[in-house]
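The primary structure of each chain is shown beneath.
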Amino acid sequence: MVGALEKAAREARYEPARLPVISTVTGKKAGREELARAEYWSGQVGATVRFGAAAEALAEEGVRVFLEVGATPILTGLAKRSVNAKDRVFFGSLKRGEEDEEQMARTVAGLYAQGLEVDWTGFRGGPHRRKVELPHYPFQRRSYYLHPLPDSGRAATVSPSARRVPCTTIPI
């Protein structure tokens, strides 16, 4: 595995980082050029993960909103224990046992409530998403299911159909 990663890292094209990055290898802010080297990425395999130090470095930089992006917020608890959690908030993008769209909507709403800027067009699905009038009364019985757009992997239209792919889009 290490050889394959080293080969892939050497073949990748890198550019200097445009945003500050805290390295979990050093627990410190990484240099712009450092992240643009194959050795940095291939060296991750055998390096000790300094997650606590990285979380502390973020806190020292003034970060007060932490977001863990992943299927289950496992590191969020560790981050809370690694820094003084007072006056800081921690979010997980997804949570086991929760519907993904609902959890993501709650997370984005929480980030927005903390003052972070949200690209609402991107979050809501961009130009391929359409609004559909749904029945207002229980006696207006119609089923609504997704149909994929032609030549696209994205589900975008909602209309009555015999096809059973439930619509799970949740606008905020």
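Residues numbered from 1 in each chain as written. Predicted model: local features only at pLDDT ≥ 70, side-chain atom pairs only at ≥ 80, totals over all residues. Heavy atoms only, no water.

## Structural notes on the pairing of strand E2 (residues 89–92)
So, point 1. As defined by bridge partners, strand E1 (residues 65–68) adjoins E2 across 4 bridges and the pair is classed as parallel. In the sheet register, Glu-68 faces E2, and the bridge partner there is Gly-92.
So, point 2. Between E1 and its parallel partner E2, the chain crosses via helix H4 (residues 74–82), and the hand of that crossover is right-handed. (Pairing = 2+ DSSP bridges. Helix = DSSP H or I, 4+ residues; strand = E, 2+ residues; numbered from the N terminus. Right-handed = clockwise from strand over helix to strand, strands pointing away.)

## Considering a negative patch on the surface
So, point 1. A grouping of Glu-99, Asp-100, Glu-101 and Glu-102 is seen on the molecular surface, where their side chains present a negatively charged patch.
So, point 2. With respect to the element layout, Glu-102 can be found in helix H5 (residues 100–113). (Patch = residues over 30% accessible without salt bridge, like charges linked within 9 Å, V, L, I, M, F, W, Y side chains within 5 Å. Areas by Shrake-Rupley, 256 points an atom, 1.4 Å probe, with all protein chains shown as cover. Salt bridge = Lys/Arg side-chain N within 4 Å of Asp/Glu carboxyl O. Lys, Arg positive; Asp, Glu negative; His and termini not counted. Charge placed at Lys NZ, Arg CZ, Asp CG, Glu CD.)

## Some remarks on the confidence of the model for the protein
Close reading of the predicted structure is inappropriate where its pLDDT is low.
So, point 1. Considering every residue of the protein, the mean pLDDT works out to 79; 72% of them sit at 70 or more.
So, point 2. Helix H3 (residues 51–60) holds the highest mean pLDDT among the elements of the protein, 95, whereas strand E4 (residues 155–159) holds the lowest, 39.
So, point 3. Residue range residues 152–172 is modelled with pLDDT below 50. Its contacts to residues more than four positions away, or to other chains, number 51 contacts. (pLDDT = per-residue confidence, 0-100. Contact = heavy atoms within 4.5 Å.)

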